[in-house]
Amino acid sequence: MTAPGTEQFTTALFATNRAAFSRFVAARGLPLVDAAAKAAARAAFDAQELLHAPELVALCGAAVAGAVGQAVENVTITIWEHLRRTADGVPYSFTWSGLASQHATWATMVAPKGEGNIYSPITTDNGERLTAHTKRIHILTLDCDGTGTWDALWRVLVELGIAAVTHQSGGFTPATPKWRVLIPLAIPFDTETGDGGTTWRMAYATARVAFGALARLRGAGFDPATDNANNAWFPGYRREPAAAPRQVLYTGGRTLDLARLTAALPAPTMSPAAVTRRTWTTTAPSLLELAFEEACLLGSALTRGLSAVVCPWNDCHSAPLASNVSPTSASVIFPPNSAANVGAFFCAHASCGAKSVEEVLAMLPEEAVHRARLRHVRSTSPSASWLGGTELPSLPAGLPRLPTELP
Ligand SMILES: [Zn+2]
């Protein structure tokens, strides 16, 4: 006999995963013809109560309460000058309150969307922000994109004595509360041994659902698409000088033992099993390649530069791919053949065929497309540097740069 809430937890993992919004749109035949239609579909998706089952909330509460670790000490984050700049990350060691102070400093700074320093709470071996160079993850970071406030979560964290920093994101508005929570891990997550990236994504999915349920968030709760081991986070910059500083809240306390949390809850099946981040051999992957990768729908590389992908209309196929089956050559993206470096999509299923790039991008999660656009480099200007002529805020002064090698 399984514990009450187990079934609801497994259901919630699938109902809120990366492809959930695309499935929702496809199942209802919603036409995502423009931004307004997309926003309406997103609002309908977010109105669902996918994490509110009382048995689910109770199970998550017990699991988190049983996974409280030792008191938080120093944490490491690595800072890069810009999202496009994946090398030369600088590691910093912070006390927990020092990290909160740093976020408070960032909250006063101004950077347009997509600009400014980024950070990842990881240790790398050479400053490169790549999965292969990511050694350990020190903090669980969850992203709420307008699916609720942080009030309920704060009550739980304070009650359990768990250390946390929350901050409003650059795009925060009272009507659309966008914010993040950072929780220090009891044991830095090892991404070096085994298939660390996938193991992390599974642990992240479990934690995302558990804390999303405790935060009483609507829709998918916390963003499922920020589960990469080396995920880049924008601090909560103000987007423009007139905007008020983003709010930052902090509490000291205890760490989260992620291993104990995942042991207490059902494990997700990754969907689909073989979809991974790719080590790109080209410096300029196409927009579609990046978008499918960011949406976690990119399969293996095929011959002639083609890539297998999970069709965004998979659920509309007569025989949809099961969640644990790798995509095949039935749905592919072609290498780019124009200066814009966009690529092209084709699905052999009768209901799909050749869809336009616009139709395909409209089916992928908005956040994934946004991240892909930020990473995308047009092949006509392969030397376009990450600086791009844009003025960037420099690294904040006074950070404790690590004098020696990280432990
Ligand atoms: Zn298809």
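So, how was this worked out
- Residues numbered from 1 in each chain as written.
- Predicted model: local features only at pLDDT ≥ 70, side-chain atom pairs only at ≥ 80, totals over all residues.
- Heavy atoms only, no water.
- Helix = DSSP H or I, 4+ residues; strand = E, 2+ residues; numbered from the N terminus.
- Buried < 20%, exposed > 50% of the residue type's maximum accessible area, 1.4 Å probe, protein only.
- Areas by Shrake-Rupley, 256 points an atom, 1.4 Å probe, with all protein chains shown as cover.
- Pairing = 2+ DSSP bridges.
- Axes fitted to C-alpha atoms, helices over the stretch in contact; angles between N-to-C directions.
- Phe/Tyr/Trp six-rings, centres within 6.5 Å; stacked < 30°, edge-to-face > 60°.
- Salt bridge = Lys/Arg side-chain N within 4 Å of Asp/Glu carboxyl O.
- Arc of directions from axis to C-beta.
- pLDDT = per-residue confidence, 0-100.
- Contact = heavy atoms within 4.5 Å.

## Some details on the overall build of the protein
Helix and strand counts for the protein stand at 11 helices and 14 strands. The proportion of buried residues among the 407 residues of the protein is 53%. Accessible surface computed for the protein: about 17,400 Å², of which carbon and sulfur atoms make up 56%.

## Side note on the sheet that holds strand E3 (residues 90–94)
In spatial order, the strands read E3-E2-E4; together these 3 strands make up an open sheet with antiparallel pairing. Because the sheet does not close on itself, it has two edges, and the strands there are E3 and strand E4 (118–120). Taken pair by pair, the neighbouring strands of this sheet meet at an average axis angle of 35°, ignoring direction. Pairing of strand E2 (residues 75–80) with E4, which is carried by 3 bridges, proceeds in the antiparallel orientation.

## Focus on the sheet that holds strand E13 (residues 331–334)
Across the sheet, which stays open at both edges, the 4 strands sit in the order E11-E12-E13-E14 with antiparallel pairing between neighbours. Each edge of the open sheet is held by one strand with a lone partner, namely strand E11 (298–301) and strand E14 (344–347). Neighbour-to-neighbour, the strand axes of the sheet open up by a mean angle of 30°, direction not taken into account. Relative to E13, strand E12 (residues 307–309) is paired through 2 bridges, and the arrangement is antiparallel. Bridged to Ala308 within E13 is Val332.

## Quick notes on the packing of aromatic side chains
Tallying each qualifying case throughout the model produces 10 aromatic pairs. Ring centres 6.4 Å apart and planes at 40° place the aromatic pair Tyr92 and Phe94 in the tilted group. According to the relative accessible area criterion, Phe94 is buried, its value standing at 4%. Ring geometry for Trp313 against Phe345: centres 6.1 Å apart, planes inclined by 50°, an arrangement best described as tilted. Taken together, the residues Trp313 in the loop between E12 and E13 and Phe345 in strand E14 connect sequence positions 32 residues apart. For Trp313, a relative accessible area of 12% gives the class buried. For Phe345, a relative accessible area of 4% puts it in the buried group.

## So, the pattern of salt bridges
Scanning the entire structure with this criterion turns up 10 salt bridges. Here Arg42 makes a salt bridge to Asp46, at a shortest N to O gap of 3.6 Å. Taken together, the residues Arg42 and Asp46, both in helix H3 (residues 35–46) and 4 residues apart, mark about one turn of the helix. Here Lys178 makes a salt bridge to Asp145, at a shortest N to O gap of 3.1 Å. With a gap of 33 residues between them, Lys178 in strand E8 (residues 178–190) and Asp145 in strand E6 (residues 134–145) connect regions that are remote in the sequence. Residue classification places Lys178 among the partly exposed residues on the basis of a relative accessible area of 26%. The class of Asp145 is partly exposed, set by a relative accessible area of 26%.

## Some points on helix H1 (residues 6–15)
Thr6, Phe9, Ala12 and Leu13 are the residues of H1 that are buried. One face of H1 carries all of its buried residues, which in axial projection span an arc of 120°.

## Topic: the confidence of the model for the protein
Should pLDDT be low for a region, the predicted coordinates there are not to be read in detail. Mean pLDDT over the protein: 84, with 88% of residues reaching 70 or higher. The low-confidence segment residues 380–407 (pLDDT under 50) makes 41 contacts with residues lying over four places distant or belonging to another chain.

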